[in-house]
Amino acid sequence: MISLSKNINILRLVRIGRVALMQRTMKEMRNGGDSSVDVEGKSGFGGGLEDVYGEDRVTEDQLVTPWTVSVASGNTLLRDPRHNKGLAFTEKERDAHYLRGLLPPAVLSQELQEKKIIHNLRQYKVPLHRYMAMMDLQERNERLFYKLLIDNVEELLPVVYTPTVGEACQKYGSIFRRPQGLYISLKEKGKILEVMKNWPEKSVQVIVVTDGERILGLGDLGSQGMGIPVGKLSLYTALGGVRPSACLPITIDVGTNNEQLLKDEFYTGLRHKRATGQEYTELLDEFMCAVKQNYGEKILVQFEDFANHNAFELLSRYRSTHLVFNDDIQGTASVVLGGIIAALKLVGGTLADHTFLFLGAGEAGTGIAELVALEVSKQTKAPLEHTRKKIWLVDSKGLIVSSRRESLQHFKKPWAHDHEPVKGLLDAVKAIKPTVLIGSSGVGKTFTKEVVEAMASFNEKPLILALSNPTSQSECTAEEAYTWSKGRAIFASGSPFDTVEYDRRVFVPGQANNAYIFPGFGLGLIISGAIRVHDDMLLAASEALAAQVTQENFDRGLIYPPFSNIRKISAHIAADVAAMAYRLGLASHLPQPKDLVKYAESCMYTPIYRSYL
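Values in this document were obtained by computation on a predicted structure and should not be read as measured data.

S.K.: Help me get a handle on the environment of Asp-264, residues and values and all.
M.R.: Turning to its location among the elements, Asp-264 is positioned in the loop between helix H12 (259-262) and helix H13 (277-295). In this structure the C-alpha to C-alpha distance between Asp-264 and Gly-173, which are 91 residues apart in sequence, comes to 8.6 Å.

The structure is reproduced here in structure tokens:
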């Protein structure tokens, strides 16, 4: 007789064999019958991570079985947003997956579903209601959500991201339905790796993380800042083609100093003041170690909406040990530099010929200033210390000058140039006579009529960038910039503005939106298997963005290309970023593909429905 222990061991081996067979079968079916798909002789997707759900390359013509632990069918299938198709399930699929009776008899195409949803969205008069409807769709039918967003990107980008996402974060406790990301709070200190393993997806490539202390221009929103990572990662997929299952939104909750939230009965986070100092540092150290331990060396961590005092410190601390990117410092800088490079075709001269004045010396302002100085240094071969001299910053105390050096925060000190003290922005404009005025202060209405008129008095085409978000915090509106400059300003903003008619001319304001850069930038890091971010990659992204602006765009006064072409733009940015990673020896996905643009496009997620039989 066989002993009980031997019986148990035999059963274990059988079970292991079944699991292995199921996993291999699942993998083969997801890849259209082949367990490894080659692109130019290289297996895997986006830097070598396998495409677990068949999201990248399986087309509508290749059949897929919607596997979970077992084959998803019936009610389970309808409640799985990754595989649910609603009324688009065919007659054969309804029979094969026990959907008969669970759906009305009509069969609608994805295109018809999309037409119905966009019609319904346009009936909402309140932007927050559109946001909530889009989030409901994402939780119900993921592919339809992304197809809708990709096909209507210019209309829906302000809904799923700035400016509407700001209001959504402010009211997150009231509109909260179900968690969309991972929450790591001080309660999880000492067991963050264990908590991270609770996230169901294992092949994560991009993490967007915030601690909610500086959400847009709205301040400390604590755990309600989760709307930002969720929104950013939606754009990673829609605009950059990074598959949804590879994206992980995370909020680190260390408390909030927002008294209104602490008193709000619907607030979703820890109800105490923000942890600082050693307690904060230890939590972030544990988090970053857990990220690398759980997901490996090539996991991209994007810091989002951290306050100045933490943002610079975190980027400095981890940029040499992790693949990290701060969108507020580096992404904003890259997109603004791209716009400035493009604008040179309208205003004339080289980058080195221009003088820059910033209102705001925080993450965005100093980040842009440094990248502009780096680009001028690259073009002219001049030392960085020299190229910084034509870049001036104004903070809450006035122009940053050398006599203030001792009292300045470390990230402001490189911009303390020799000049007598100047208090206000208008006086600074008159003293410095900049050709480019950039607002990153987070304070609205600061580019006054007097400021814009002063810019126009000594510039034929003043370049005015009012970058602060949301719209209410913009330094000036598009209409104000065009009217006060008598139609001569080249204008772009952080939040979208409608077209402006002035003096029988129609002006189309550009939007210096980070969404031009970070989706393509992240895709470039992924497809090259980059292990670190280098400043030259940011310069490459800026130059790639500027190269996508056509003469037709310039004729309309635009310094950014339309978002309707954003997937193509992202592919070109990804290719140039990846090429720089290979050039710098920071790429691990070898050998380098011959055509990086085509390779980037081939790695992009597509939201077309699959056939489930």
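S.K.: So, the pattern of salt bridges: which residues are in play, and what are the values?
M.R.: Under the defined criterion, the tally for this structure stands at 30 salt bridges. Its salt-bridge partner being Arg-214, residue Asp-305 comes within 3.5 Å of it at the nearest N-O pair. Residue Asp-305 is found in the loop between strand S6 (300-303) and helix H14 (308-318), and its partner Arg-214 is found in the loop between strand S4 (206-210) and helix H11 (227-240); the two are separated by 91 residues along the sequence. Its salt-bridge partner being Glu-480, residue Lys-445 comes within 3.7 Å of it at the nearest N-O pair. With Lys-445 in the loop between strand S11 (436-439) and helix H19 (449-457) and Glu-480 in helix H20 (residues 478-484), this residue pair connects regions lying 35 residues apart in the sequence. Accessibility expressed as a relative area gives 18% for Glu-480, which makes it buried. Here the salt bridges do not stand alone but share partners, grouping Arg-214, Asp-305, Asp-328 and Glu-363 into one network.

S.K.: Please provide a residue-by-residue account of the packing of aromatic side chains, values included.
M.R.: The full count for this structure, using the stated rule, is 13 aromatic pairs. Measuring from ring centre to ring centre gives 6.0 Å for Tyr-482 and Phe-491, while their planes differ by 65°; the resulting arrangement is edge-to-face. Accessibility expressed as a relative area gives 2% for Tyr-482, which makes it buried. Judged by centre distance (4.5 Å) and plane angle (20°), the rings of Tyr-482 and Phe-507 are stacked. Within this pair, whereas Tyr-482 is found in helix H20, its partner Phe-507 is found in strand S15 (residues 505-507), the two being separated by 25 residues in sequence. Per residue, the accessibility class of Tyr-482 equals that of Phe-507, and both read buried. Each residue in the set Tyr-482, Phe-491, Phe-497 and Phe-507 is aromatic and connected to the rest through ring pairs, giving one cluster. Positioned over the ring face of Trp-415 is Arg-388, at 5.6 Å from the centre of the ring.

S.K.: Run through the sheet that holds S11, naming residues and quoting values.
M.R.: What the seven strands build is an open sheet, ordered S10-S9-S8-S11-S12-S13-S16; its pairing is mixed. For this open sheet the edge positions go to strand S10 (398-399) and strand S16 (510-511), each flanked by a neighbour on one side alone. The pairing of strand S8 (residues 356-359) with strand S9 (residues 391-395) spans four bridges and is parallel. Among the inter-strand pairings, Leu-359 is bridged to a residue of S9, identified as Val-394. Contacts from helix H18 (residues 425-432) reach S8, S9, S10 and S11, with the element oriented near 175° to S8.

S.K.: Report on the environment of Asn-75, specifying residues and quantitative values.
M.R.: Relative to the elements of secondary structure, Asn-75 occurs in helix H2 (residues 74-78). A relative accessible area of 42% places Asn-75 in the partly exposed class. Along the sequence, Asn-75 and His-97 sit 22 residues apart, while their C-alpha atoms lie 9.4 Å from each other.

S.K.: Lay out the UniProt feature "binding site: a divalent metal cation" (unreviewed entry) in the chain with the relevant residues and their values.
M.R.: Taken from the UniProt record, the annotation "binding site: a divalent metal cation" (unreviewed entry) applies to Glu-304, Asp-305 and Asp-328. Despite a sequence span of 25 residues, these residues sit close together in the fold, their greatest C-alpha distance being 6.7 Å. Structurally, Glu-304 can be placed in the loop between S6 and H14. Given the relative accessible area of 1%, Glu-304 is considered buried. For Glu-304, the residues in contact, after removing those within four places along its chain, are Tyr-161, Val-208, Val-209, Thr-210, Asp-211, Ile-228, Lys-232, Asp-327 and Asp-328. On the accessibility criterion, Asp-305 (1% relative accessible area) is buried. Setting aside chain neighbours within four positions, we find Asp-305 in contact with Thr-210, Asp-211, Gly-212, Glu-213, Arg-214, Ile-215, Leu-216, Ile-228 and Asp-328.

S.K.: Requested: an account of the nonpolar core, with residues and values cited.
M.R.: Ranked by size, the top nonpolar core spans 127 residues in total, and within it Tyr-131, Ile-438, Phe-521 and Ile-559 carry the most contacts. With twelve residues, the single largest contributor to this core is helix H24 (residues 566-583). Leaving out residues up to four positions away in the same chain, Tyr-131 has contacts with Val-159, Val-160, Thr-164, Val-165, Ala-168, Tyr-172, Ile-175 and Gly-227. Counting residues in each nonpolar core, the second largest holds 36 residues, with Leu-186, Leu-284, Ile-299 and Val-301 among its members.

What counts and what doesn't
- Residues numbered from 1 in each chain as written.
- Predicted model: local features only at pLDDT ≥ 70, side-chain atom pairs only at ≥ 80, totals over all residues.
- Heavy atoms only, no water.
- Helix = DSSP H or I, 4+ residues; strand = E, 2+ residues; numbered from the N terminus.
- Salt bridge = Lys/Arg side-chain N within 4 Å of Asp/Glu carboxyl O.
- Buried < 20%, exposed > 50% of the residue type's maximum accessible area, 1.4 Å probe, protein only.
- Phe/Tyr/Trp six-rings, centres within 6.5 Å; stacked < 30°, edge-to-face > 60°.
- Lys NZ or Arg CZ within 6 Å of the ring centre and 35° of its normal.
- Pairing = 2+ DSSP bridges.
- Contact = heavy atoms within 4.5 Å.
- Axes fitted to C-alpha atoms, helices over the stretch in contact; angles between N-to-C directions.
- UniProt positions renumbered as here; feature names shortened; annotations may be inferred.
- Core = buried A, V, L, I, M, F, W, Y, C linked by side-chain atoms within 4.5 Å.

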